[in-house]
Amino acid sequence: YSVLQHTHRRRCITCLHEIARILQPEGKCCLELPVRHGLTNWRHKPSGEEDDYESWCVRYYSWKEIHSMFDDVFADVAIKCDCYFGIGVRRDDLDLLPWKYKPIVVASEVMKAAASILPPFRWLSDSVFVSGRKPQSGAESLNMQPKVTSRFDPSENLWILPWLVCPVSGLP
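1. Focus: the overall build of the chain
Item 1. The secondary structure content of the chain amounts to three helices and three strands.
Item 2. Ordered by position from the N terminus, the helices and strands of the chain form the series α-β-α-β-α-β.
Item 3. Counting only residues that meet the buried cut, the chain has 40% of its 172 residues in that class.
Item 4. Expressed as a percentage of contacts within the chain between residues at least 6 apart in sequence, the contacts between residues at least 24 apart total 76%.
Item 5. Split by element, the accessible area of the chain, about 10,300 Å² in all, is 62% carbon and sulfur.

Written out as structure tokens, the structure is:
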């Protein structure tokens, strides 16, 4: 949640391929991304900083970009509304927020409910959950090949992989 939006678009695609690589066949992932033309996100104009590979600014995506990135890697891609009136406006945080912000969270939840009844409202969400499934085999997995030339290329932030181990199996 709220991580890949800070990576350069090329790095984000690399991350999606890496997620797919480590998932078991038929494994699922769910990620959050901000939508460029959301109810309040439209006011964020693209800056030159988004093109800077080293910048960690927020990148806003169009629905078409989101579909394209995920469809190239995963099967059964689905997009679901996350929140309105900002990025990260979550009911889970309601008890942590000052009273002046609570109505925004409630309004976001009302909009999510409205979108489930009136699907066009989903196009107004400021961030979305994108889910996908790793294909098991065959033609579905043709696009699964990682686009990174080296797993340990520091420019891709993957140089730490040798130190990462699964807490259950102890394997890389």
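Moving on, there is more to tell.
2. Focus on the pairing of strand β1 (residues 28–34)
Item 1. Summarising burial for β1: five of the seven residues are buried, a large majority.
Item 2. In the sheet, β1 pairs with strand β3 (residues 127–133) via seven bridges, with the strands oriented antiparallel. Note that in β3 the partner of L31 across the bridge is V130.

3. Topic: the pattern of salt bridges
Item 1. Throughout the structure, instances matching the rule amount to ten salt bridges.
Item 2. Of the charged contacts, one joins R21 and E18 as a salt bridge, the two residues approaching to 2.7 Å between their closest N and O atoms. Linking R21 with E18, this pair stays in helix α1 (residues 9–22), spanning three residues, or about one helical turn.
Item 3. Its relative accessible area of 38% is what places R21 among the partly exposed residues.
Item 4. Between R91 and E109 there is a salt bridge; the shortest N-O distance is 3.9 Å. With R91 in the loop between β2 (75–83) and α3 (102–117) and E109 in helix α3, this residue pair connects regions lying 18 residues apart in the sequence.
Item 5. On the basis of relative accessible area, E109 is assigned to the buried category, the value being 19%.
Item 6. Taken together, the salt bridges that share partners define one network made up of R9, R36, E50 and E65.

4. Remarks on the sheet that holds β3
Item 1. Pairing within the open sheet is antiparallel, and its three strands lie in the order β1-β3-β2. At either margin of the open sheet sits one strand with a lone partner, and together these are β1 and β2. The sheet shows a mean angle of 20° between the axes of neighbouring strands, taken without regard to direction.

5. Some words on the packing of aromatic side chains
Item 1. Under the counting rule described, the total for this entry stands at three aromatic pairs.
Item 2. Considering the side-chain rings of Y1 and F129, the 5.9 Å spacing of their centres and the 55° angle between planes classify their relative orientation as tilted. Here F129 lies in strand β3 and Y1 lies in the segment before α1, a separation of 128 residues in the sequence.
Item 3. Among the residues examined, Y1 registers a relative accessible area of 41% and is labelled partly exposed.
Item 4. Taking NZ or CZ as reference, K102 lies 5.0 Å from the ring centre of W99, over its face.

6. Focus on the packing of α1 against helix α2 (residues 63–71)
Item 1. Here α1 crosses α2 at 40°, and the two axes come no closer than 10 Å. By the angle between their directions, the pair α1 and α2 is classed as oblique. Contacts between α1 and α2 pair R9, C12, I13 and L16 from the former with E65, M69 and F70 from the latter.
Item 2. In the contact of α1 with α2, the residues fall into five nonpolar, no polar and two charged.

Analysis parameters
Residues numbered from 1 in each chain as written. Predicted model: local features only at pLDDT ≥ 70, side-chain atom pairs only at ≥ 80, totals over all residues. Heavy atoms only, no water. Helix = DSSP H or I, 4+ residues; strand = E, 2+ residues; numbered from the N terminus. Buried < 20%, exposed > 50% of the residue type's maximum accessible area, 1.4 Å probe, protein only. Contact = heavy atoms within 4.5 Å. Areas by Shrake-Rupley, 256 points an atom, 1.4 Å probe, with all protein chains shown as cover. Pairing = 2+ DSSP bridges. Salt bridge = Lys/Arg side-chain N within 4 Å of Asp/Glu carboxyl O. Axes fitted to C-alpha atoms, helices over the stretch in contact; angles between N-to-C directions. Phe/Tyr/Trp six-rings, centres within 6.5 Å; stacked < 30°, edge-to-face > 60°. Lys NZ or Arg CZ within 6 Å of the ring centre and 35° of its normal. Parallel < 35°, antiparallel > 145°, perpendicular 65-115°, else oblique. Nonpolar A, V, L, I, M, F, W, Y, C, P; charged D, E, K, R; others polar.

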